[in-house]
Amino acid sequence: MTRSLISMPGETVDGGFDVLQLRRRIDDIDQSIIDLIRTRKEISRQVQRTPTDVGGPRVEPVREADITNNYHVPFGDAGSALAAALLQICRG
Ligand SMILES: O=C(O)C(=O)C[C@]1(C(=O)O)C=C[C@@H](O)C=C1
């Protein structure tokens, strides 16, 4: 069987995988996630500062349950834990 000369990102020309290159991609993805969380936190603060929320509760349990479910569906209990951590970060 002939092997393609075009390698995928992270794949070496002999068909193996370059762990260091793959880890660099993981680091890039993690940095993108961190940047997105920072953006999410800023937007969350804006929602919490809207005039209708002045004096209102900082925690919106129904909204948080929906968000938690969004993460639980793809990732199960780990997704729920991830949502809890995200909400904790974003609530400030
Ligand atoms: O949606 C809101 O009302 C928000 O304040 C944002 C947010 C969030 O970060 O997603 C933060 C706190 C609330 O408990 C629920 C959700």
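What comes next is a walk through the structure. (Residues numbered from 1 in each chain as written. Predicted model: local features only at pLDDT ≥ 70, side-chain atom pairs only at ≥ 80, totals over all residues. Heavy atoms only, no water.)

Glancing now at the site of the ligand. For the ligand, the set of nearby residues contains 13 residues, the closest of which are Arg40, Ser44, Gln48, Glu60 and Glu64. A distance of 2.8 Å separates an oxygen atom of the ligand from a polar atom in the side chain of Arg40. Here an oxygen atom of the ligand and a side-chain polar atom of Glu64 are 2.4 Å apart. Looking at the shell around the ligand, the elements with two or more residues in it are α1 (19-48) and α2 (61-91). Considering every element that reaches the shell around the ligand, the biggest residue donor is α2, with six residues. Classifying every residue of the shell around the ligand by side-chain character gives five nonpolar, two polar and six charged. (Near = heavy atom within 4 Å. Polar contact = N/O pair within 3.5 Å; in protein donor to acceptor, adjacent residues only side chain to side chain. Helix = DSSP H or I, 4+ residues; strand = E, 2+ residues; numbered from the N terminus. Nonpolar A, V, L, I, M, F, W, Y, C, P; charged D, E, K, R; others polar.)

The computed volume of the second largest pocket comes to approximately 160 Å³. Within the residue set of the lining of the second largest pocket, elements represented by two or more residues are α1 and α2. When its residues are assigned to classes, the lining of the second largest pocket shows six nonpolar, no polar and one charged. (1 Å grid on protein atoms, 1.4 Å probe; cavity = no way out; pocket = protein on both sides within 12 Å on 5 of 7 lines; lining within 4 Å. Points joined across faces, edges and corners; volume = space filled by probe spheres on them.)

A full pass over the atoms with the stated rule returns one salt bridge. In this structure, Glu64 and Arg91 form a salt bridge, with 2.8 Å as the shortest nitrogen-oxygen distance. The exposure class of Arg91 is partly exposed, given its relative accessible area of 23%. (Salt bridge = Lys/Arg side-chain N within 4 Å of Asp/Glu carboxyl O. Buried < 20%, exposed > 50% of the residue type's maximum accessible area, 1.4 Å probe, protein only.)

Turning our attention to the side chain of Ser44. Take Ser44: it is sitting in helix α1. From its side chain, Ser44 meets the backbone oxygen of Cys90 in a polar contact 3.5 Å long.

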